[in-house]
Amino acid sequence: MIYFKTEEEIELIRESSLLVGKTLAEVARVIGPGIKTIALDELAETFIRDNGSVPGFKGYNGFPFTLCISVNEQVVHGFPGERLLEEGDIVSVDCGVLKNGFYGDSAYTFPVGEVKAETLDLMKRTKEALYLGIESAADGKRVGDIGYTIQHYVEEYGYGVVRDLVGHGVGRFLHEKPEIPNYGKRGTGAKLQVGMVLAIEPMINLGVKNVVQESDGWTIRTADSKPSAHYEHTVAVRHGKAEILSSFRYIEEELVKRGIELI
Ligand code: MG
Ligand code: MG
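Residues numbered from 1 in each chain as written. Chains lettered and ligands numbered in written order. Predicted model: local features only at pLDDT ≥ 70, side-chain atom pairs only at ≥ 80, totals over all residues. Heavy atoms only, no water.

## What about the coordination of the magnesium ion (ligand 2)?
Point 1. The protein atoms donating to the magnesium ion (ligand 2) are Asp105 (OD), His168 (NE2), Glu201 (OE) and Glu232 (OE), with metal-donor distances spanning 2.1 to 2.2 Å.
Point 2. Spacing between the donor residues of the magnesium ion (ligand 2) along their common chain follows D-x62-H-x32-E-x30-E.
Point 3. Separating the magnesium ion (ligand 2) from the magnesium ion (ligand 1) is a gap of 3.1 Å, bridged by Asp105, which donates to each. Linking His168 in strand β7 (residues 167–169) with Glu201 in the loop between β9 (197–200) and β10 (203–205), this pair joins segments that are 33 residues apart in sequence.
Point 4. Judged by relative accessible area, His168 falls into the buried class, the value being 4%. (Donors = N, O, S within 2.8 Å, 3.2 Å for Na, K, Ca; no water. Helix = DSSP H or I, 4+ residues; strand = E, 2+ residues; numbered from the N terminus. Buried < 20%, exposed > 50% of the residue type's maximum accessible area, 1.4 Å probe, protein only.)

## Things to note about the coordination of the magnesium ion (ligand 1)
Point 1. For the magnesium ion (ligand 1), the protein coordination sphere consists of Asp94 (OD), Asp94 (OD), Asp105 (OD) and Glu232 (OE), at 2.0 to 2.5 Å.
Point 2. Given the relative accessible area of 2%, Asp105 is considered buried.

## Some details on the pattern of salt bridges
Point 1. Enumeration over the complete set of coordinates arrives at 17 salt bridges.
Point 2. With a closest N to O distance of 3.9 Å, Arg163 and Glu155 form a salt bridge.
Point 3. On the basis of relative accessibility, which here comes to 35%, the residue Glu155 falls in the partly exposed class.
Point 4. Sharing partners across several salt bridges, the network here consists of Glu7, Glu11, Arg14, Arg238 and Glu243. (Salt bridge = Lys/Arg side-chain N within 4 Å of Asp/Glu carboxyl O.)

## Re the sheet that holds strand β13 (residues 228–230)
Point 1. Reading across the sheet, the three strands line up as β6-β10-β13 and stay open at both edges, with antiparallel pairing between neighbours. The open sheet is flanked by β6 (160–161) and β13, the only strands paired with a single partner.
Point 2. Relative to β10, β6 runs antiparallel, the two being bridged by two bridges. The residue of β10 that forms the bridge with Gly160 is Asn205.
Point 3. In the packing of helix α3 (residues 117–135) onto the sheet, contacts are made with β10 and β13, and the angle to β13 comes to roughly 35°. (Pairing = 2+ DSSP bridges. Contact = heavy atoms within 4.5 Å. Axes fitted to C-alpha atoms, helices over the stretch in contact; angles between N-to-C directions.)

## Points about the state of the cysteines
Point 1. The final tally for this structure, using the stated rule, is zero disulfides.
Point 2. Here Cys68 is not cross-linked by a disulfide; its sulfur's nearest cysteine counterpart is in Cys95, at 9.0 Å. (Disulfide = S-S within 2.5 Å.)

## Side note on the packing of aromatic side chains
Point 1. One pass over the full model with this rule turns up twelve aromatic pairs.
Point 2. For the pair Tyr231 and Phe248, a centre-to-centre distance of 6.2 Å together with 65° between the ring planes defines the contact as edge-to-face. Residue Tyr231 is located in the loop between β13 and β14 (233–236), and its partner Phe248 is located in the loop between β15 (243–244) and α5 (249–257); the two are separated by 17 residues in the primary sequence.
Point 3. According to the relative accessible area criterion, Tyr231 is buried, its value standing at 0%.
Point 4. Aromatic rings pair up to connect Tyr108, Phe110, Tyr131, Tyr231 and Phe248 into one cluster.
Point 5. Lying across the ring of Tyr157, Arg125 places its NZ or CZ 3.8 Å from the centre.
Point 6. Here Arg163 stacks its cationic end above the ring of Tyr183, 4.9 Å away from the centre of that ring. (Phe/Tyr/Trp six-rings, centres within 6.5 Å; stacked < 30°, edge-to-face > 60°. Lys NZ or Arg CZ within 6 Å of the ring centre and 35° of its normal.)

## A look at the pairing of strand β8 (residues 176–180)
Point 1. Where β7 meets β8, three bridges bridge the pair, whose relative direction is antiparallel. Note on β8: the bridge partner recorded for His168 is Glu179.
Point 2. Hairpin connection of β7 to β8: six residues between the antiparallel strands.

## Brief notes about the nonpolar core
Point 1. Ranked by size, the top nonpolar core spans 52 residues in total, and within it Phe110, Leu198 and Ile200 carry the most contacts.
Point 2. Setting aside its immediate chain neighbours within four residues, Phe110 contacts Leu24, Val27, Ala28, Ile31, Asp89, Ile90, Val91, Val93, Met123, Ile251 and Leu255.
Point 3. Counting 15 residues, the second-largest nonpolar core is a separate cluster that includes Phe65, Val170, Leu174 and Val197. (Core = buried A, V, L, I, M, F, W, Y, C linked by side-chain atoms within 4.5 Å.)

## Details of the sheet that holds strand β3 (residues 74–76)
The strands that make up a sheet are held in pairs by hydrogen bonds between backbone atoms, and each pair lies either parallel or antiparallel.
Point 1. As summarised here, the arrangement of the three strands in space is β3-β12-β11, forming an open sheet in which the pairing is antiparallel. Of all strands in the sheet, those bounded by a partner on one side alone are β3 and β11 (211–213). Between one strand and the next, the sheet's axes are offset by a mean angle of 40°, whatever the strand orientation.
Point 2. By the bridge criterion, three bridges tie β11 to strand β12 (residues 220–222) in an arrangement that is antiparallel. If you follow Val212 over to β12, its bridge partner there is Arg221.

As structure tokens, this is what we get:
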């Protein structure tokens, strides 16, 4: 079933979602060549707990970390570890927070140093697809309208839309109904209504849409080992268009301070 949220509950989800954005901004302050991905995870966990909250992913279905850190051909659910980030990598960092009984969920793909132009384009268009999808998440539309918009936009560039993983409702549970695929047909699927809170999260591949799971049982990577990008916002369905509850503002302020060009 779909859980509809009151305005008070939406405010609590906003609080959790903004804390996710601030946590990702902590990552943005330090991410770069030579840093271990586990160091990013540790600083995120410390920051979340210092803010009186709980990492939303740690322990979820046995996931052992605060962040999902997925590098290059890794799509989502990557494990932080001893890997040193290198010049030219792209790093998708997904974070969830549980505060006051409600989850927030957001993800951002970071460039590490100089990144190939075709990969930067992939990131830019994936982020654009996210915002286009959000514009489609208005009261009275349907789930398929979101997926259609995202798919239609990115496939023009020859990218692959991941099918095996999808967005979702979010609230008292990290993953609620309805599922929000990043592909679909207009006018199909569950009707969107005010009170629904959704995590919209395009996962877009430079090459083929197919993905495989790595031997750790979690990490998903592209079948052709080409890079993948992932951006995610938690949004509330409203009349006209959805309201974004999470924010990339904190992240992007840090990147700008460091002289990292925004895509
Ligand atoms: Mg997420
Ligand atoms: Mg999500």
